[in-house]
Each structure stands twice: as C-alpha cells, then as structure tokens.
Amino acid sequence: MKPPPFTYCDPESVGEAVALKSEYGNDSLVLAGGQSLLPMLNMRLARPEALIDINKIGDLQKIERRADILEVGAGVRQYELEDHPLVGELVPLLPEATGHIGHIENRRRGTVGGSLAHADSAAELPCTAVALDATVVVHGPAGTRTIAAQDFFQGWMTTALEPEEVLVAVRYPVTPWTAGHGFVEVARRVGDLALAGAAAVVNLDEEGRFTSVSVGVLGISDTTVRAFAVESALIGEAPTEENIARAAEEIVPSVTSGDDLHATRAYRRHLASVVVSRAITAAVARAHERSN
Ligand code: FAD
C-alpha cells in the first residue's frame, strides 16, 4: 500500500501553514504525528493534493501555564503529557488518560492536536477535553477562534475545524486542588482502541456531597459524549455506591454504537455504565485523598 501522489509542504510558522491551508483548502491535510493520517493515505482513505507538515513549527510545541489555564500546543507529542511536571501538577487527569493511547511508540510521534483533529470517538484526548471543559484554539485566514471542546467534536472524525484552519492549541482549566479525577477504559488488548471508557472530575463539599461532577465518555457513540444526565443526578448526593451506580445508568441512552466486530450494542450499554461508575468512584477516592 502506497500513498497517492501529493505536494509536500513543510512550513516553519503557523502563518505559513495557514496560508498554505488557505491556498489548498479542502484539498490539503495537515500532517502532524502521522499515526492516523499515514495509514489513511496508504489505504487511499485520504487523497489530499497537498500535505502540510507542521512538525517544524516550534510555536506549536509548547506547554505553558497562563494564570488558571494550562495551554498545550497542537504539536506537543502525546507522551509529553505523561512526563511533563506542569501537566501532572495542574491537570492530573491528562497523564493518566494519555497512558492509554496506543503504545509508547505511537505516543512519541502522535500529537495532542492530531488526536483532537482526528476526533476518533474512542480517543482518550477528545474525551478528557470534554470532561475538563477544555477550549480548542484554531487559526485561519480570518484570525483566531476558540471553540469549547463540547462544540468542537461534531461527529465521527468530524470537528468544527474549517478547511483552511489549523488547530494550534488546547487550553485546559487548571484542576482545583481539592478535586478528584478518574479515568477508566476497557479495551480487548493493551494499546487497542477502547470499547468504552470514561473520564471523571469531581468536587465534594465538607459533608462529602458532590458539588461538581464532570464526565466524558468515549467509544459509545459517533463522538465523545459529555454525560450531563449522570452529572445532574449526582449533584448534592453523597458518593455512595448505590447513588453512583444509579446515576451511571443515565449514560445508557447515550449509547448509539451498534453491534460491531468488537462488541454488541448490549455489551456496550452495560460497559458504559460500568466505566462511568468506576471513573466517578476513582475520582471520589482521589478527592478524599486530597482533602485528608
Ligand atoms: P495525524 O495522524 O498526523 O493526523 C490525524 C488527522 O488530524 C489528519 O486528518 C490531520 O490532517 C489532522 N490534523 C493533525 N494535526 C492537525 C492540526 N494541528 N490542525 C488541523 N488538523 C490536524 N489514538 C487514540 O486516541 N487512542 C488509541 O488507543 C490509539 N491507538 C493507536 C494504536 C496504533 C497502533 C496507532 C498507529 C495509532 C493509534 N492511535 C490511537 C492514533 C494516534 O495515536 C493519534 O492519537 C492520532 O491518531 C493522531 O495523532 P497524530 O499527531 O499522529 O495526527
């Protein structure tokens, strides 16, 4: 399998990349880590006229704290989220979830922006972006746009990116020190895309009741799902096993994936409430650890 012929461009600035994107529009694709795009090219599932390689753009490879925001450049390699001290300190859900992406070889090449732009419904970074209320930053000929993660992912491998735009960064709110986080996924083998998974961030009050719950779920629909019904069922409640299990059932109607090679719909419906329940339980345990 070989890629179709294409014009190769390797801009050294975001402005240059956006200009190329504007010139080629829909006939161009950004090349980041290539972990999804290169197989798609080789299988002829993507036939761009031009490939715009962003690996030389240093401005896309920064991890910075800006007040109560952690800003991660689109070109940051996924493994850096596991290792970078700022990330572990400010948004501890990220290193935990990122470790589930493929194998370390994929994470050393795959980028944060690539995973978000690729928008696979079973991907960990879109799921955590939604659970963390992150904001995606894109540059285009009309300037810069910021898009809430909840609005960015619009369907299977479909995002709010316009053809001439480049994803340049993602901004994560710094997780409050008292909050707990949990990430759980079920995959057939280590490194496989998950059958289902959930990311949760919770806060508890002095009586130990939920004051805030935020849950993203992957692998159950054509895009990552924010579990609003689960969240509202828990606010003000005590984090008992029964309350969490009852609330987790609220995710089941959001399971739209049908039977496929890896799991039946019925199994995914069961799995969805299990991973949501476990992720919230893990987050509660961390919140208790942090408050002691
Ligand atoms: P590319 O492959 O370079 O690009 C992906 C898509 O995003 C392309 O359409 C490209 O045009 C677009 N794009 C990339 N960057 C930008 C940008 N800055 N602006 C606009 N568009 C952009 N992923 C998971 O989430 N979970 C897994 O478990 C997982 N397992 C994997 C296992 C294997 C064996 C392999 C090979 C891959 C796996 N992946 C998994 C996918 C991969 O690791 C990346 O997470 C992801 O696919 C894309 O990252 P990338 O930087 O390689 O992007």
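Computed from a predicted structure; not experimentally measured.

Novice: Can you tell me about the overall build of the protein chain, naming the residues and giving the values?
Specialist: Looking only at helices and strands, the protein chain features twelve helices and 14 strands. The globule rule puts the C-alpha radius of gyration for 292 residues at 19 Å, and the 19 Å found for the protein chain is close to it. Seen through its C-alpha atoms, the protein chain measures out along the principal axes to roughly 60 × 45 × 35 Å. Across the 292 residues of the protein chain, 51% fall into the buried class. When contacts within the protein chain are restricted to residue pairs at least 6 apart in sequence, long-range pairs at least 24 apart make up 63% of them. Of the roughly 13000 Å² of accessible surface on the protein chain, a fraction of 51% belongs to carbon and sulfur atoms.

Novice: Quick one: what's the story with the sheet that holds strand β12 (residues 196-204), residue by residue and with numbers?
Specialist: Whether parallel or antiparallel, the strands of a sheet pair through hydrogen bonds between backbone atoms. Strand order in the open sheet formed by four strands is β11-β12-β13-β14, and the pairing between neighbours is antiparallel. Taken across any chain shown, the strands that pair with only one partner, and hence form the sheet edges, are β11 (180-186) and β14 (225-226). Note that β12 and strand β13 (residues 210-218) share eight bridges and pair antiparallel. Considered in β13, the bridge of leucine 204 is made with phenylalanine 210. Strand contacts of helix α8 (residues 124-131): β11, β12, β13 and β14, with the helix running at about 155° to β13, the strand carrying the most contacts.

Novice: With reference to specific residues and values, describe the pairing of strand β4 (residues 63-66).
Specialist: With four bridges joining them, β4 and strand β5 (residues 69-73) adopt antiparallel strand pairing. Looking at β5, one finds that arginine 65 is bridged to leucine 70. Between β4 and β5, which pair antiparallel one after the other, the connecting turn spans two residues, and alanine 67 there sits at a positive phi close to 55°.

Novice: Which residues make up the sheet that holds β5, and what values go with them?
Specialist: The strand order across the open sheet built from five strands is β4-β5-β10-β6-β7, with neighbouring strands paired in antiparallel fashion. Two strands close off the open sheet at either side, each with one partner strand: β4 and β7 (143-148). Shown here is a sheet whose adjacent strand axes are inclined to one another by a mean of 25°, direction ignored.

Novice: How would you summarise the pattern of salt bridges if you had to cite specific residues and measurements?
Specialist: Summed over all chains, the structure comprises 13 salt bridges. The partner of lysine 62 in a salt bridge is aspartate 59, and the shortest N-O contact between them spans 3.2 Å. Note on aspartate 59: relative accessible area 55%, which makes it exposed. For glutamate 64, the salt bridge goes to arginine 66, with nearest N and O atoms at 2.8 Å. Given a relative accessible area of 29%, glutamate 64 falls into the partly exposed group. Salt bridges sharing partners connect three or more residues here, namely Glu64, Arg66, Glu71 and Arg171.

Novice: Explain the site of the ligand residue by residue, including any values.
Specialist: Within the structure, the ligand sits among 30 residues, and Val30, Gly34, Ser36, Thr111 and Glu124 are positioned closest to it. One of the backbone N or O atoms of valine 30 is found 2.6 Å from an oxygen atom in the ligand. Within the side chain of glutamate 124, one N or O atom sits 2.7 Å away from a nitrogen atom of the ligand. Protein chains shield 87% of the accessible area of the ligand, which is 970 Å² for the free molecule. Looking at the shell around the ligand, the elements that each hand over two or more residues are β2 (28-31), α7 (112-118) and β10 (166-173). With four residues, α7 is the largest single contributor of residues to the shell around the ligand. Residues that form the shell around the ligand fall into these classes: 14 nonpolar, 14 polar and two charged.

Novice: Mind laying out the packing of aromatic side chains, listing which residues take part and the relevant values?
Specialist: Counting across every chain of the model gives one aromatic pair. Ring centres of phenylalanine 152 and phenylalanine 153 lie 5.1 Å apart, and the angle between their planes is 85°; this geometry places the pair in the edge-to-face category. Residue class for phenylalanine 152 comes out buried when judged on its relative accessible area of 0%. For the cation-ring pair, arginine 108 lies above tyrosine 79, with the distance from its terminal atom to the ring centre recorded as 4.0 Å.

Novice: So what about a nonpolar patch on the surface? Which residues, and what values?
Specialist: On the surface, Met1, Met43 and Leu45 cluster together into a nonpolar patch covering about 380 Å² of accessible area. Inspection of the secondary structure puts methionine 43 in the loop between α2 (37-42) and β3 (50-53). Judged by relative accessible area, methionine 43 falls into the partly exposed class, the value being 44%.

Each value, and the rule that gives it
Residues numbered from 1 in each chain as written. Predicted model: local features only at pLDDT ≥ 70, side-chain atom pairs only at ≥ 80, totals over all residues. Heavy atoms only, no water. Helix = DSSP H or I, 4+ residues; strand = E, 2+ residues; numbered from the N terminus. Rg over C-alpha atoms; globule rule 2.2 N^0.38 Å. Buried < 20%, exposed > 50% of the residue type's maximum accessible area, 1.4 Å probe, protein only. Contact = heavy atoms within 4.5 Å. Areas by Shrake-Rupley, 256 points an atom, 1.4 Å probe, with all protein chains shown as cover. Pairing = 2+ DSSP bridges. Axes fitted to C-alpha atoms, helices over the stretch in contact; angles between N-to-C directions. Salt bridge = Lys/Arg side-chain N within 4 Å of Asp/Glu carboxyl O. Near = heavy atom within 4 Å. Polar contact = N/O pair within 3.5 Å; in protein donor to acceptor, adjacent residues only side chain to side chain. Nonpolar A, V, L, I, M, F, W, Y, C, P; charged D, E, K, R; others polar. Phe/Tyr/Trp six-rings, centres within 6.5 Å; stacked < 30°, edge-to-face > 60°. Lys NZ or Arg CZ within 6 Å of the ring centre and 35° of its normal. Patch = residues over 30% accessible without salt bridge, like charges linked within 9 Å, V, L, I, M, F, W, Y side chains within 5 Å.

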